[in-house]
Amino acid sequence: MNDEILIDIKNVKKYFPLSKKWFAEKRYVKAVDGISFFIKKGETFGLVGESGCGKSTTGRLINGLIKVDSGEVNFKGTNLANVSEKSWKQYRKPMQMVFQDPYASLSPRMKVKDILLEPLLIHYPKMPRNEKKMLVTELLEKCGISEFHLDKYPHEFSGGQRQRIGIARSLILRPELIIADEPVSALDVSIQSQILNLMKDLQEEFGLTYLFISHDLSVVEHISDRVGVMYLGSLVEIATKQQIFEDPKHPYTQALLSSIPQPDPKKKRESVILSGEIPSASNPPSGCKFHTRCPVAMDICKEKVPELQQLDIEQNVACHLY
Ligand code: SF4
């Protein structure tokens, strides 16, 4: 990993309109509400939070599946928010996605070899067919799928094997950034670690940068270098993996961590119980959005939005306690 910034997100917002009743005020789900973070080349940035916090929307905003309302998504210095639909094609290759459910993202009517050949046919139409086939075979081998399986269909594989195929497909165009959205959430725990280890090996071999989106902090701990914690469309803490897991500062991060089972009694964390349900992103609480559930909320928390502030060189927290 080096200090070159691959992705630099600045104050990005995405609000989805709710269906409008006649004469009623127009309302929005504030899915992403002004977030800023960067990802260095070669690192894994884990984006974590409860379901509906805006982490998947963030991934889709970065790779252009949905458009930002405002803010900047800089990829190697180019603000993709200003790139026309036509010019987007050149950014599809360096940015690829891995999804939670590989079965839904792999065409059931295509053989594995064709699933991987398809992007090559689109982007490298003049490449000789035997060269394409060699690339496909080699990459599948690296992902743990032998040549013997090339003519099989997705339904003939297990969930873990299908995710290996999904990962191979995401790599066939030799991208720089992989946005992995809950890539192991649908798999058994034993298979999860195999896939995470595969992703780490591939990262090293191909010099990949990962945005790793997950609701599961223990998975994020396994693979990330730095972590961003999201709550109701906002980033509440960004820090290195060590800082997040050994010295979390934000009460929400502390609560998320205390819910992870800790087998080592010496490392047992203080239990922080969150009260109430996660509020609606269409009507978030005033001030600090977390104040309705925060065990240490103060009067100021209901009124003033806490800014993300730097506590030390790597740790940033949005909380009035600091
Ligand atoms: Fe809790 Fe207040 Fe900090 Fe929000 S700003 S996390 S409510 S202490």
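Check the entry above for the structure.
Structural notes, computed from the coordinates. Just so it is clear, the model here is predicted, and its values are computed rather than measured.

### As for the sheet that holds strand β1 (residues 5-17)
What the four strands build is an open sheet, ordered β2-β1-β4-β5; its pairing is antiparallel. At either margin of the open sheet sits one strand with a lone partner, and together these are β2 (28-40) and β5 (78-79). Looking at chain direction, β1 and strand β4 (residues 70-75) are connected through five bridges and run antiparallel. If you follow I9 over to β4, its bridge partner there is V73. Its contacts with the sheet put helix α1 (residues 55-62) on β1, β2 and β4, and the angle it makes with β2 is roughly 65°.

### Describing the packing of helix α6 (residues 159-171) against helix α7 (residues 189-206)
Relative orientation of the contacting elements α6 and α7 amounts to 20°, with a least axis distance of 10 Å. Taken together, α6 and α7 sit at an angle that is classed as roughly parallel. Note that α6 runs across α7; the crossing there is right-handed. Facing G160, Q163, R164, I167 and L171 of α6, the residues of α7 in contact are I191, Q194, I195, L198, M199, L202 and F206. Each residue belonging to the contact of α6 with α7 can be placed in one class, and the counts come to eight nonpolar, three polar and one charged.

### Quick look at a nonpolar patch on the surface
Together, V296, M298, I300, L311, L321 and Y322 line one region of the surface with nonpolar side chains, adding up to about 450 Å² of accessible area. Residue V296 is classed as partly exposed on the basis of its relative accessible area, which comes to 40%.

### Describing the pairing of strand β9 (residues 226-231)
Here β9 lies mainly inside the structure; six of its six residues are buried. Residues R226, G228 and M230 point to one face of β9 and V227, V229 and Y231 to the other, with burial holding for every one of them. Pairing analysis gives four bridges linking strand β3 (residues 44-48) to β9, with the strands arranged parallel. Counted as the bridge partner of L47 is G228 from β9. Where β9 meets strand β10 (residues 234-240), six bridges bridge the pair, whose relative direction is antiparallel. Along β10, the bridge assignment pairs G228 with I238.

### With respect to the pattern of salt bridges
Working definition: two side chains of opposite charge can pair if their charged atoms are close together. Per the stated rule, a full pass over the model turns up 15 salt bridges. The salt bridge partner of D3 is K40, with a shortest N-O separation of 3.9 Å. Separated by 37 residues along the polypeptide, D3 in the segment before β1 and K40 in strand β2 bring together distant segments of the chain. Of the charged contacts in the structure, one is a salt bridge between D247 and K249, with a shortest N-O distance of 2.9 Å.

Cut-offs used in this document
Residues numbered from 1 in each chain as written. Predicted model: local features only at pLDDT ≥ 70, side-chain atom pairs only at ≥ 80, totals over all residues. Heavy atoms only, no water. Pairing = 2+ DSSP bridges. Helix = DSSP H or I, 4+ residues; strand = E, 2+ residues; numbered from the N terminus. Contact = heavy atoms within 4.5 Å. Axes fitted to C-alpha atoms, helices over the stretch in contact; angles between N-to-C directions. Parallel < 35°, antiparallel > 145°, perpendicular 65-115°, else oblique. Left-handed = near helix turned anticlockwise from the far one by under 90°. Nonpolar A, V, L, I, M, F, W, Y, C, P; charged D, E, K, R; others polar. Patch = residues over 30% accessible without salt bridge, like charges linked within 9 Å, V, L, I, M, F, W, Y side chains within 5 Å. Areas by Shrake-Rupley, 256 points an atom, 1.4 Å probe, with all protein chains shown as cover. Salt bridge = Lys/Arg side-chain N within 4 Å of Asp/Glu carboxyl O. Buried < 20%, exposed > 50% of the residue type's maximum accessible area, 1.4 Å probe, protein only.

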